[in-house]
Amino acid sequence: MTPTGSSFALNFNTDPASPPAAAPASASADLVAQFIPCGARILELGYGTVPGQRALPNGCAWGAHDLKGGGFPSQAAKDADLIVMVDTLEHVTDIEALFANLRGCRRDVLLSYCATDLSGSVDRTARGWLNHFSLYDLASLFDRYGFRIVCTAPVDDSQVLILLKPIDRLMPIAPTSVAVISNKNDGNFGSRLGYHMINALLPSEATVDHLTFDALDAAREEYDLVVLGVGNSMFQPLLGDNVLEVVKRGKAAIGIFGTQYRELIPRPSIERVLDRLDTWFARNEDDVLLYGRGRNNVVHLGDWLIDQFPITRATEDQPLKIDDEILNNLPLDRTIQSIQRHKNVYSMHLHPLLCALTSAEFVAYSEQASAEAPGIASGKFRSMLIDVFGRTFPERKFFVIDREAVARYKAQVHRNVAKVGERIEAILRNVAVATV
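Keep in mind that what you see is a predicted model, and the values were worked out from it rather than measured.

Rules of the game
- Residues numbered from 1 in each chain as written.
- Predicted model: local features only at pLDDT ≥ 70, side-chain atom pairs only at ≥ 80, totals over all residues.
- Heavy atoms only, no water.
- Core = buried A, V, L, I, M, F, W, Y, C linked by side-chain atoms within 4.5 Å.
- Buried < 20%, exposed > 50% of the residue type's maximum accessible area, 1.4 Å probe, protein only.
- Helix = DSSP H or I, 4+ residues; strand = E, 2+ residues; numbered from the N terminus.
- Contact = heavy atoms within 4.5 Å.
- Polar contact = N/O pair within 3.5 Å; in protein donor to acceptor, adjacent residues only side chain to side chain.
- Phe/Tyr/Trp six-rings, centres within 6.5 Å; stacked < 30°, edge-to-face > 60°.
- Axes fitted to C-alpha atoms, helices over the stretch in contact; angles between N-to-C directions.
- Parallel < 35°, antiparallel > 145°, perpendicular 65-115°, else oblique.
- Left-handed = near helix turned anticlockwise from the far one by under 90°.
- Nonpolar A, V, L, I, M, F, W, Y, C, P; charged D, E, K, R; others polar.

> Sorry, what's going on with the nonpolar core here?
Buried together is how nonpolar side chains tend to be arranged in soluble globular proteins. Among the nonpolar cores identified, the biggest contains 56 residues, and Trp304 and Phe389 are the most heavily contacted of them. Among the elements that make up this core, the one with the highest residue count is helix H15 (residues 403-435) (ten residues). Ignoring anything within four residues of it in the chain, the contact list for Trp304 reads Gly194, Met197, Ile198, Leu201, Val230, Gly231, Ile256, Val413 and Val417. In terms of nonpolar packing, the next biggest core, distinct from the first, is built from 30 residues, Tyr223, Leu228, Val273 and Val298 among them.

> Explanation requested: the environment of Ser204 in the structure shown.
Checked against the element boundaries, Ser204 lands in the loop between helix H7 (189-201) and strand S8 (207-212). On the basis of relative accessibility, which here comes to 75%, the residue Ser204 falls in the exposed class. Of the polar contacts made by the side chain of Ser204, one reaches the side chain of Glu205; its length is 3.4 Å.

> Explain the packing of aromatic side chains here, please?
The way to describe two aromatic rings as a pair is by their centre distance and the angle between their planes. Going through the model one piece at a time under the given rule, you end up with eleven aromatic pairs. Each ring, one from Tyr113 and one from Phe133, has its centre 6.1 Å from the other, and the planes form 55°; the classification is tilted. Separated by 20 residues along the polypeptide, Tyr113 in strand S4 (residues 108-113) and Phe133 in the loop between helix H5 (116-119) and helix H6 (135-144) bring together distant segments of the chain. Take Tyr113: its relative accessible area is 0%, and that puts it in the buried class. With a centroid separation of 5.0 Å and 25° between ring planes, the pair formed by Phe257 and Trp280 is classed as stacked. With Phe257 in strand S11 (residues 250-259) and Trp280 in strand S12 (residues 279-282), this pair connects stretches of sequence that are 23 residues apart. Looking at Trp280, the relative accessible area reads 0%, which means it is buried.

> I'm lost on the packing of H7 against helix H12 (residues 332-340) in this one. Help?
In a pair of packed helices, the angle between the axes and the distance between the axes together describe the arrangement. At their nearest, the axes of H7 and H12 sit 11 Å apart, and the two run at 125° to each other. With respect to their mutual orientation, H7 and H12 come out oblique. The way H7 lies across H12 gives a crossing that is left-handed. Contacts from Phe189, Arg192, Leu193 and His196 of H7 reach H12 at Leu332, Thr335 and Ile336. Considered class by class, the residues forming the contact of H7 with H12 number four nonpolar, two polar and one charged.

So this is what it looks like as structure tokens:
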């Protein structure tokens, strides 16, 4: 049991043999889990109780603390990636002090609350609730302490789950012949788009070799910069010795990719690659949490291909199921326009779904199973949805698109892409100075 006194030290529990206790009756455990990224360290705060351990997504660790008995666990909060408070806030006597502490640790916060707007005739005092905020009061509180509401979900008729992020929690991104390694030759929609994205960020005078994973023997003996990936998904066997050998030929190297089928990726394979990269611009927060912990060369870029899709409104009611025919038989611009015409889009391909998020009203998806291990799904849809909306959604069920969330995500990724360009310019400038 995690200690609850003032000397609280967070012991993250990752033991799969420990059966998780049921979540509080007023909040769905499944709903809470939809807001949690893979690989996250969770600190759950109670008030008068120590919450029972939850069932969590892949790679997560969990710890708990009683605010009433032990004060605020500042160090534990800083060590966590996400702070969870379910059925807690109503019982806290000094909300201002709590949020002052939360502001100090600058971590994402997932909380539930029964606002006065929603609780109706409920006798709040009889239930032991010590504060009485409306939804407007909550929004003002969050804003006052430097938090932005990312997304919300109703738990029941009187309770709402809210995900908060600290404002301006952006990592400063400190980085001629260039090699770009990708699978652009397989006709993949995302890889074809990524080819144009990276070209737009490289210096106009750079000599660029676009290498594919099946033709790495065409690489030169030395490069000023090697770029691994163009926003695509890495998986075994794309992280093999032949790739690492080409990465080593660069005076500098960066990665622009996400991961999928993570259960099949040997940890040493990706560790060796990351050790050779000056910066990994990771596509998803899941990637950062699972593989970037303890590293200073990993930053969350987001899925930069969203820059290729203008935000617009679909006009056709006829549902669209995205298949290989539409992806392979049309030019890229026509493919984007075709997807963006439809209000309801279903896709088993990641980047066509990302495209649909900028235009459709409803979308659905299904994860792709591994050919080598059919029981293992790619996981890339879940990662993307958590990045965009702060939560995932069940497969094969249409859900309503939050257009404001898409716009915020697109704007953030656009800013991050500009920083990738700045980093590349700085790397090549440093390489040039070192060569003189």
